[in-house]
Amino acid sequence: MLPQKTYETKDCKLYESDFDVNKTVKLRRIMEFMQDLATTHADKLGFGWNSMNDNGLFWVMSKVKIVFHKKLDRSVRRFKLYTWPVKPDRLYVERRFEAVDDEGENLFSATTVWMIVERDTRKIVSREAVARFYNADFDDASCGADVNFARIRRDGDYLLKYERTIRRSDLDLNRHVNNTNYVDYASDALADTDTVSQAEITYNRELLLNDCVSVYSKQIDRVVLIAGERGGDVCFTAKLTLF
């Protein structure tokens, strides 16, 4: 169901560089479209990056789920993306997305969960502060990606897939790894023939310059579970369901 109030849209175009080795759209590119549109909308509503930064705050994505309703291969070259925020009832706030083609067919749905963090202390702000900074005529339209996320804990069946040292190019304006990069970290644990039908990522701890993240995975049928750790601490987990 598409929103009727307090939403933003973007006409998205796909180019050759947006497709992966299997000729399907890269997860990272979908995340970039979503992040750019959410940023534009938040700016218009008065709680974008500049406004938050002026108050010593910034947004941090806590969770994201993307559900593809069909394979987005090279036959799909454009779509319209919708986003709308949902009224918060706790410390975390939800933003939803739907993507449709020219005929109105739903291509993918996504739900993101965010929190507001103090820039200097890295602490999550109170419920009262969320209410103060996050106000709009919220729409309650549903989307095809729910907010039920897998709880992933690494056990002895996980295999170490690779290790990566965080470099300057991984960092964003807040000087930590941008949420779009984690999709690449999870995808790099897959076989080159795998195509993702649903992706869930939970962000546990921020990754900073020169951190080393170890990426582990375990596959159960068509589901790949992934854990990214730094010095024994879980920084992110992912559940990737394959077509």
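Preceding this paragraph is the structure being described.
Note that the structure is a prediction, hence the values are computed from the model and not measured.

1. Observations regarding the side chain of T237
Consideration 1: Structurally, T237 is set in strand β10 (residues 233–242).
Consideration 2: Judged by relative accessible area, which is 7%, T237 ranks as buried.
Consideration 3: Residue contacts for T237: discarding those within four places in its chain leaves I152, E200, I201, T202, N204, I226 and A227.

2. Focus: the sheet that holds strand β6 (residues 159–165)
Consideration 1: Read from one edge to the other, the open sheet built from ten strands follows the order β1-β3-β4-β5-β2-β7-β10-β9-β8-β6, with strand pairing classed as antiparallel. Two strands close off the open sheet at either side, each with one partner strand: β1 (8–13) and β6. Ignoring which end each strand starts from, the neighbouring axes of this sheet average 20° apart.
Consideration 2: For strand β7 (residues 196–203) and β10, the ladder comprises seven bridges, and the chain directions are antiparallel. Among the inter-strand pairings, A199 is bridged to a residue of β10, identified as L240.
Consideration 3: Those strands touched by helix α1 (residues 27–45) are β1, β2 (57–68), β3 (78–85), β4 (93–100), β5 (106–118) and β7, and its axis lies near 50° from that of β3.

3. What about the environment of E200?
Consideration 1: Tracing the chain through its elements places E200 in strand β7.
Consideration 2: For E200, a relative accessible area of 6% puts it in the buried group.
Consideration 3: Distance in space between the C-alpha atoms of E200 and A99 is 17 Å, their sequence separation being 101 residues.
Consideration 4: Setting aside residues up to four positions removed in sequence, E200 forms contacts with V64, K65, N148, F149, A150, T237, A238 and K239.
Consideration 5: Only 2.9 Å separates the side chain of E200 from the backbone nitrogen of A150, close enough to count as a polar contact.

4. A few points about the pattern of salt bridges
Consideration 1: Scanning all chains against the criterion turns up 18 salt bridges.
Consideration 2: Note that E94 and R96 form a salt bridge whose closest N and O atoms lie 2.7 Å from each other.
Consideration 3: What you see here is one network of salt bridges that share partners, running through D18, R28, R29, E32 and D184.

5. Here we look at the packing of aromatic side chains
Consideration 1: Counted by the stated rule, this structure contains 13 aromatic pairs.
Consideration 2: Between Y7 and Y82, the ring centres sit 6.0 Å apart and the planes meet at 40°, which makes this aromatic pair tilted. Here Y7, found in the segment before β1, pairs with Y82, found in strand β3; they are 75 residues apart in sequence, far enough to count as distant.
Consideration 3: The class for Y82 is buried, based on a relative accessible area of 14%.
Consideration 4: Their ring planes at 50° and their centres at 6.4 Å tell us that Y185 and F236 sit as a pair that is tilted.

About the criteria used
- Residues numbered from 1 in each chain as written.
- Predicted model: local features only at pLDDT ≥ 70, side-chain atom pairs only at ≥ 80, totals over all residues.
- Heavy atoms only, no water.
- Helix = DSSP H or I, 4+ residues; strand = E, 2+ residues; numbered from the N terminus.
- Buried < 20%, exposed > 50% of the residue type's maximum accessible area, 1.4 Å probe, protein only.
- Contact = heavy atoms within 4.5 Å.
- Pairing = 2+ DSSP bridges.
- Axes fitted to C-alpha atoms, helices over the stretch in contact; angles between N-to-C directions.
- Polar contact = N/O pair within 3.5 Å; in protein donor to acceptor, adjacent residues only side chain to side chain.
- Salt bridge = Lys/Arg side-chain N within 4 Å of Asp/Glu carboxyl O.
- Phe/Tyr/Trp six-rings, centres within 6.5 Å; stacked < 30°, edge-to-face > 60°.

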